[in-house]
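Below are the chains, spelled out letter by letter.
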Amino acid sequence: MPKKIMVKSNQPERRAYDVVLSFFKQQIKEGNLSLGDKLPSERTLMAQLNLSRNSVREALRQLENMGFVRSVHGQGSFLINHAGEGFSSIFSMLLLLHQTDKMEFFALRESLETAAFSHAIHFPSRKAIETMDQAVSAMEQALNQEQMEQAEASFHQALIAAGENQLFLMIMDALSSLDNMYRKETLSHLDAAVCGPLLQTHRDLVQALRTGSEESGRAALQRHFQLIGFSDSPVSHG
């Protein structure tokens, strides 16, 4: 049974979340708690952490809002990982509060995709390359913007997956609704003269992964973001 953690009786109510979170972290480190496990009852947490029932409930509520706790009526609370949902809500609020914008979103995407490509070039995934190749073919055969959007989204999802980084996947999954919204908006405003070169950057990325050409792949990825207007570097038309 976990040792009782002594907390000063004058511990501020606002610190309850930190106390409960620290307790769960310690339990995970010690191997006493893992994903899917049922969490200690409110009564147990109150006794072990010397917190009031209201403090424990508020802490669990905050963790639930963050996507780490799921409460089931009549069964208790369980440790889960739906953090992406919380991250998506946070980013949406930042946009509404004008604390970030589309430029920063695309800068994040470019950074993640560049890092994913760097991994994929050294540890190529045949499945990812095939998915990206199929997406390029779908883009070439797209009959309308909706089909183009779906194919382009599939391409970039496969590129992120090729990075084999769970955090990258979680971030982009959390931001998928925003990503799709920006993709729709961007593609609808692209000049017709840019569409051909933009499609070529996708072809070049697939070819770079097939041949192991890191330099050409990085160049294709940078040019991709230049063409859609979200890169600090100017577009080279040479």
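Reading guide: rules and limits
Along each chain, the written sequence defines residue order, and numbers are assigned to residues from 1. Under the rules for a predicted model, residues below a pLDDT of 70 receive no local features and side-chain atom pairs below 80 are neither given nor counted, while totals for whole chains, interfaces and linings still include all residues. Neither water nor hydrogens contribute to the side-chain values; these are computed over all heavy atoms in the structure. Pairs were defined over the aromatic rings of Phe, Tyr and Trp, the Trp ring being its six-membered one, requiring ring centres within 6.5 Å. Orientation was assigned from the angle between planes: stacked under 30 degrees, edge-to-face over 60, tilted for the rest. Strands here are runs of E lasting at least two residues and helices are runs of H or I lasting at least four, both read from the DSSP assignment and numbered beginning at the N terminus. Three labels apply to residues, based on accessible area from a 1.4 Å probe with only protein chains included: buried if under 20% of the type maximum, exposed if over 50%, partly exposed otherwise in between. What counts as a salt bridge is simple: a side-chain nitrogen of Lys or Arg found within 4 Å of a carboxyl oxygen of Asp or Glu. By definition here, a helix of n residues has an expected span of 1.5 Å times n minus one. The directions from the helix axis to the C-beta atoms form the arc being described. Any two residues whose heavy atoms approach within 4.5 Å at even a single point are treated as in contact. The nonpolar core is taken to be a set of buried Ala, Val, Leu, Ile, Met, Phe, Trp, Tyr and Cys residues, with the residues joined through side-chain atoms within 4.5 Å. Two kinds of site are reported from a 1 Å grid over the protein atoms alone, namely cavities, where a 1.4 Å probe fits but cannot get out, and pockets, open sets with protein on both sides within 12 Å along at least five of seven lines, and residues are called lining when an atom falls within 4 Å of a point. Grid points are joined across faces, edges and corners, and a volume is the space filled by probe spheres set on the points. Side-chain classes are defined by residue name, with Ala, Val, Leu, Ile, Met, Phe, Trp, Tyr, Cys and Pro counting as nonpolar, Asp, Glu, Lys and Arg as charged, and the others, Gly among them, as polar. Distance and chemistry together define a polar contact, namely a pair of N or O atoms within 3.5 Å, with one atom able to donate a hydrogen and the other to accept it when in protein, and with adjacent residues in sequence counting only for side-chain atoms on both sides. Inter-axis angles, ranging from 0 to 180 degrees, are taken between N-to-C directions of lines fitted to C-alpha atoms, where helices are fitted over the stretch in contact. Any angle that falls under 35 degrees is termed roughly parallel, while one over 145 is termed roughly antiparallel, one within 65 to 115 roughly perpendicular, and all others oblique. What makes a crossing left-handed is the near helix being turned counterclockwise from the far one by less than a right angle; a clockwise turn instead makes it right-handed.

Chemist: What is the right way to read the packing of aromatic side chains from this model?
Modeler: One pass over the full model with this rule turns up five aromatic pairs. Plain terms: the ring middles of phenylalanine 105 and tyrosine 182 are 5.1 Å apart, the flat faces sit at 55° to each other, and that makes the pair tilted. Within this pair, whereas phenylalanine 105 is found in helix α5 (residues 102-122), its partner tyrosine 182 is found in helix α9 (residues 176-188), the two being separated by 77 residues in sequence. Note on tyrosine 182: relative accessible area 6%, which makes it buried. Here phenylalanine 106 and phenylalanine 225 contribute two aromatic rings whose centre-to-centre distance is 6.5 Å and whose plane-to-plane angle is 70°, an arrangement assigned as edge-to-face. With phenylalanine 106 in helix α5 and phenylalanine 225 in helix α11 (residues 214-227), the pair connects residues that are 119 residues apart, well separated along the chain. Among the aromatic side chains, those forming a connected cluster through ring pairs are Phe105, Phe106, Tyr182 and Phe225.

Chemist: Got a minute to help me understand the pattern of salt bridges in this structure?
Modeler: A pair can form between side chains of opposite charge whenever their charged atoms are brought close. Taken as a whole, this structure holds 12 salt bridges when the rule is applied. Of the charged contacts, one joins aspartate 179 and arginine 183 as a salt bridge, the two residues approaching to 3.4 Å between their closest N and O atoms. Here arginine 183 and aspartate 179 lie together in helix α9, a separation of four residues that amounts to about one turn. Bridged by salt links that share partners, the residues Arg109, Glu113, Glu152, Asp179 and Arg183 form one connected network.

Chemist: I tried to follow helix α3 (residues 53-66) on my own but got confused; where do I start?
Modeler: Residues spaced three or four apart along an α-helix face the same direction, because each turn holds 3.6 residues. The terminal C-alpha atoms of α3 lie 20 Å apart, and with 14 residues this matches the ideal 20 Å at 1.5 Å per residue to within 8%. Within α3 the residues assigned to the buried category are Ser55, Val56, Ala59, Leu60 and Leu63. Taken down its axis, α3 places every buried residue within 130° of arc, on the same side. Along α3, the residues that are exposed and aim more than 90 degrees away from the buried face are Asn54 and Asn65. Against the buried residues of α3 lie α1 (16-29), α2 (42-49) and β1 (69-72). Immediately downstream of α3, the backbone of glycine 67 shows phi near 95°, a positive value.

Chemist: Could you clarify how one ought to interpret the nonpolar core in this entry?
Modeler: Membership of the largest hydrophobic core comes to 41 residues, with the highest contact counts inside it found for Phe105, Phe117, Met132, Phe155 and Leu209. Those elements that provide at least two residues to this core are α4 (83-96), α5, α6 (126-141), α7 (145-162), α8 (166-174), α9, α10 (192-211) and α11. Beyond its immediate chain neighbours, meaning those up to four positions away, phenylalanine 117 contacts Leu159, Leu205, Ala208, Leu209, Ser213, Glu214, Gly217, Arg218 and Leu221. In this structure, Tyr17, Leu39, Val56 and Ala59 belong to the second largest nonpolar core, which totals 17 residues.

Chemist: I'm lost on empty space enclosed by the protein in this one. Help?
Modeler: The gaps left among the atoms become clear once a water-sized probe is rolled over them. Tallying each qualifying case throughout the model produces one cavity of 30 Å³ or more. Each pocket or cavity is described by its volume, and for the largest cavity that value is around 60 Å³. Phe106, Arg109, Glu152, Arg183, Thr186, Leu187, His224 and Ile228 together form the lining of the largest cavity. It is α9 that contributes the most residues to the lining of the largest cavity, three residues altogether. In terms of residue class, the lining of the largest cavity is built from three nonpolar, two polar and three charged.

Chemist: What am I meant to see in unusual backbone geometry here?
Modeler: Glycine aside, residues mostly have negative phi angles, and peptide bonds mostly take the trans form. Backbone geometry places asparagine 50, a non-glycine residue, at a positive phi of 55°. Along the chain, asparagine 50 turns up in the loop between α2 and α3. A positive phi is found at glutamate 164, a non-glycine position, where the angle reads about 50°. Relative to the helices and strands, glutamate 164 is located in the loop between α7 and α8.

Chemist: Got a minute to help me understand the side chain of glutamate 152 in this structure?
Modeler: With respect to the helices, strands and loops of the structure, glutamate 152 is situated in helix α7. Polar contacts involving the side chain of glutamate 152 include one to the side chain of histidine 156, which spans 2.8 Å. One polar contact links glutamate 152 to histidine 224, side chain to side chain, over a distance of 3.1 Å. For glutamate 152, the residues in contact, after removing those within four places along its chain, are Met139, Arg183, His202 and His224.

Chemist: Looking at this structure, how should I read the packing of α7 against α10?
Modeler: For any two helices packed against each other, one specifies the crossing angle of their axes together with the interaxial distance. Remark: α7 packs on α10, axes separated minimally by 12 Å, with the N-to-C direction vectors making an angle of 30°. Between α7 and α10, the angle is such that the two are roughly parallel. Note that α7 runs across α10; the crossing there is left-handed. Counted together, Glu152, Phe155 and His156 of α7 and His202, Leu205 and Val206 of α10 form the full contact between these two elements. Of the residues belonging to the contact of α7 with α10, the class tally is three nonpolar, two polar and one charged.

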